[in-house]
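Tertiary structure, described
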Amino acid sequence: MGKTMSIKTDKAAMEKLRRERTEELKEQKRLVIEMRETMLKRAGLTKKDVLEEGLRAFVANNLDLLTPAEIEKYRNAGLLMR
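Residues numbered from 1 in each chain as written. Predicted model: local features only at pLDDT ≥ 70, side-chain atom pairs only at ≥ 80, totals over all residues. Heavy atoms only, no water.

Looking at the overall build of the protein
From N to C terminus, the protein includes 3 helices and 0 strands. When the helices and strands of the protein are read in sequence order from the N terminus, they spell out α-α-α. Taken over the C-alpha trace, the protein has a radius of gyration of 26 Å; the compact-globule value for 82 residues is 12 Å, which it surpasses by more than 25%. Structurally, the protein occupies a C-alpha span of about 80 × 35 × 15 Å along its principal axes. Sorting the 82 residues of the protein into buried and exposed places 4% on the buried side. Surface accessibility of the protein: about 7,800 Å² in total, with carbon and sulfur atoms responsible for 61%. A distance of 5 Å separates the average location of the 19 positive side-chain charges in the protein from that of its 14 negative side-chain charges. (Helix = DSSP H or I, 4+ residues; strand = E, 2+ residues; numbered from the N terminus. Rg over C-alpha atoms; globule rule 2.2 N^0.38 Å. Buried < 20%, exposed > 50% of the residue type's maximum accessible area, 1.4 Å probe, protein only. Areas by Shrake-Rupley, 256 points an atom, 1.4 Å probe, with all protein chains shown as cover. Lys, Arg positive; Asp, Glu negative; His and termini not counted. Charge placed at Lys NZ, Arg CZ, Asp CG, Glu CD.)

Next comes the structure, spelled out in structure tokens:
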């Protein structure tokens, strides 16, 4: 009977640790969101502004993902600089 009690105790301890870790992660996520919002507010930016700038940088730094024909197509449409 002692072994059964030990297994139940171990399961209870593991469940307690899981709950504590879940709460830690929730708090960490809350703080990350708070930090981002504070930084955006102080910078006078929105999430959309940051996303658009990030996408522009991604495109500018990854033109090699396009074929020469695609690059010419988008240049002709005025989307890329010569």
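Quick word on a nonpolar patch on the surface
A grouping of V32, M35 and M39 is seen on the molecular surface, where their side chains present a nonpolar patch of about 280 Å² in accessible area. When you line up the elements, M35 lands in helix α1 (residues 2-43). (Patch = residues over 30% accessible without salt bridge, like charges linked within 9 Å, V, L, I, M, F, W, Y side chains within 5 Å. Salt bridge = Lys/Arg side-chain N within 4 Å of Asp/Glu carboxyl O.)

Description of the confidence of the model for the protein
Looking at the protein as a whole, the pLDDT averages 91, with 93% of positions reaching at least 70. Mean pLDDT across the elements of the protein bottoms out in α1 (90) and peaks in helix α2 (residues 47-61) (95). (pLDDT = per-residue confidence, 0-100.)

Considering the environment of L40
Tracing the chain through its elements places L40 in helix α1. Each C-alpha atom of the pair L40 and V50 lies 8.7 Å from the other, and the pair is 10 residues apart in sequence. Not counting residues up to four positions away in its chain, the partners in contact with L40 are L45, T46, K47 and V50. (Contact = heavy atoms within 4.5 Å.)

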